[in-house]
Amino acid sequence: MKYYIVIPAHNEEKFIGKALASVAAQTLLPAALVVVNDASTDNTADIAAAFAGNHSWAGTLHLNDQGEGHLPGGKVIRAFYKGLEALDNSYDIIVKMDADVILPPDYFETLAMIFKNDPSVGIAGGLVYIEQRGQWVYEPVADKNHVRGPVKAYSRACFEKMGGLRAAIGWDTADTLLARYYGFKVQTTDRLIIRHLRPTGKAYTKKARLLQGQAMYTLRYGLAITLIASLKTAWRLKQWQTFLYNVRGYFRARKNRVPFLADPDQGKFIRKYRWRGMLKKTGISYGDT
């Protein structure tokens, strides 16, 4: 299957060479790859350009807007779309990839088979690991049935049906929920270990944590789910201030009437899905509530 990769990159000179090398080592190479250098002030652009010069299927773009700094969410997705605009639409699979990951050699060959064997799969990926005390361990910031933002592969049908990615904090939760809303499956495989060279949230600021709370509001979680999800995240990260920032961000978004990322019907589905998932872990079925 034909796949394209877009890599938004901001000051990634320490990691991007390794990430690109892992793509070049794939048993199934991409039809196209674009690195979007997003206002980097280090050698990211030079590393990407050198790689593109040695691989006919790779290219680079350069953005100059430095206004938002290093924040998750909208800035990354806007850079992703700049890269997507440089490509045609003849792909079978579109991949949003970070510049700080190392992929196993059969990563995309395996994903291509997953999509080919089951057309109802809309999003697929491996599991993200980080290095701790010399060992690679699962990064516990999401359930293992969730395809993480560092490497997300979408079938063209799913990507188009859900209207692409939302240029806002929470995009990598919105896409998963909307894919399921439109009847697509989300599939992970523990055979594919993604090595994340920089742990998620390491560079996140207080502003980023507030935006995560805003994302819960814009996805129409409601207060109860927001409280539970924020506690769960804080516990996983062992960063209890995360809970306070998330909740503060939720109420701030509600007060300012920040536009929703989901319509009312989608919001109803999202709440029902989240409640079902949380209650399932307690042994209570959603229909019993």
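Cut-offs and rules
- Residues numbered from 1 in each chain as written.
- Predicted model: local features only at pLDDT ≥ 70, side-chain atom pairs only at ≥ 80, totals over all residues.
- Heavy atoms only, no water.
- Helix = DSSP H or I, 4+ residues; strand = E, 2+ residues; numbered from the N terminus.
- Rg over C-alpha atoms; globule rule 2.2 N^0.38 Å.
- Buried < 20%, exposed > 50% of the residue type's maximum accessible area, 1.4 Å probe, protein only.
- Lys, Arg positive; Asp, Glu negative; His and termini not counted.
- Charge placed at Lys NZ, Arg CZ, Asp CG, Glu CD.
- Phe/Tyr/Trp six-rings, centres within 6.5 Å; stacked < 30°, edge-to-face > 60°.
- Expected span 1.5 Å × (residues − 1).
- Arc of directions from axis to C-beta.
- Patch = residues over 30% accessible without salt bridge, like charges linked within 9 Å, V, L, I, M, F, W, Y side chains within 5 Å.
- Areas by Shrake-Rupley, 256 points an atom, 1.4 Å probe, with all protein chains shown as cover.
- Salt bridge = Lys/Arg side-chain N within 4 Å of Asp/Glu carboxyl O.
- Axes fitted to C-alpha atoms, helices over the stretch in contact; angles between N-to-C directions.
- Parallel < 35°, antiparallel > 145°, perpendicular 65-115°, else oblique.
- Left-handed = near helix turned anticlockwise from the far one by under 90°.
- Contact = heavy atoms within 4.5 Å.
- Nonpolar A, V, L, I, M, F, W, Y, C, P; charged D, E, K, R; others polar.

K.L.:
It is not clear to me how the overall build of the protein should be interpreted in this structure. Could you clarify?
P.N.:
A count of helical and extended segments in the protein gives 10 helices and nine strands. Taken against the 2.2 N^0.38 rule, which gives 19 Å for 289 residues, the C-alpha radius of gyration of the protein at 19 Å falls within 12% of a compact globule. With respect to the three principal axes, the spread of C-alpha positions in the protein is 55 × 40 × 40 Å. With 289 residues in all, the protein has 49% of them scored as buried. If you average the places of the 40 positive and of the 25 negative side-chain charges in the protein, the two averages end up 9 Å apart.

K.L.:
What am I meant to see in the packing of aromatic side chains here?
P.N.:
Between two aromatic rings, the relevant description is the distance of the centres plus the angle of the planes. Taken as a whole and judged by the stated rule, the model has 14 aromatic pairs. Centre to centre, the rings of tyrosine 181 and phenylalanine 269 are 5.6 Å apart; their planes meet at 75°, and the pair counts as edge-to-face. Residue tyrosine 181 is found in helix 6 (residues 171–181), and its partner phenylalanine 269 is found in helix 10 (residues 264–280); the two are separated by 88 residues along the sequence. The exposure class of phenylalanine 269 is partly exposed, given its relative accessible area of 26%. An angle of 90° between the planes, with centres 5.5 Å apart, marks the rings of tyrosine 250 and phenylalanine 251 as edge-to-face.

K.L.:
Would you take a moment to explain helix 9 (residues 241–256) for this structure?
P.N.:
At 3.6 residues per turn, the α-helix brings residues three or four places apart onto the same side. The end-to-end C-alpha separation of helix 9 is 22 Å, in line with the 22 Å expected for 16 residues at 1.5 Å each. Those residues of helix 9 that fall on the buried side of the exposure criterion are Thr242, Asn246, Val247, Gly249, Tyr250 and Ala253. Looking straight down helix 9, one finds its buried side chains confined to an arc of 155°; they lie on one side. In helix 9, the exposed positions angled more than 90 degrees off the buried face are occupied by Leu244, Lys255 and Asn256. The first or second residue beyond helix 9 is arginine 257, which carries a positive phi of 55°.

K.L.:
Looking at this structure, how should I read a positive patch on the surface?
P.N.:
A grouping of Lys268, Arg271, Lys272 and Arg276 is seen on the molecular surface, where their side chains present a positively charged patch. The topology assignment puts lysine 268 in helix 10. Using a relative accessible area of 59% as the deciding quantity, one classes lysine 268 as exposed.

K.L.:
It is not clear to me how the pattern of salt bridges should be interpreted in this structure. Could you clarify?
P.N.:
Opposite charge on two side chains allows them to pair when their charged atoms are near. In this structure the tally under the stated criterion is 10 salt bridges. Between lysine 75 and aspartate 38 there is a salt bridge whose closest N-O contact spans 2.8 Å. Note that lysine 75 is positioned in helix 3 (residues 74–85) and aspartate 38 in strand 2 (residues 32–38), a separation of 37 residues in sequence. Here lysine 75 and aspartate 38 have matching classes, each one buried.

K.L.:
Just to check I follow, could you spell out the packing of helix 8 (residues 223–237) against helix 10 for this structure?
P.N.:
Describing two packed helices takes the angle between their axes plus the distance from one axis to the other. Helix 10 packs onto helix 8 with a crossing angle of 45° between their chain directions and a minimal axis gap of 11 Å. Looking at the two axes, helix 8 sits oblique to helix 10. For the pair helix 8 and helix 10, the sense of crossing is left-handed. Here Ala224, Ile225, Ile228 and Ala229 of helix 8 lie close against helix 10, whose contacting residues are Arg271, Arg274, Trp275 and Met278. Within the contact of helix 8 with helix 10, the residues separate by chemical class into six nonpolar, no polar and two charged.

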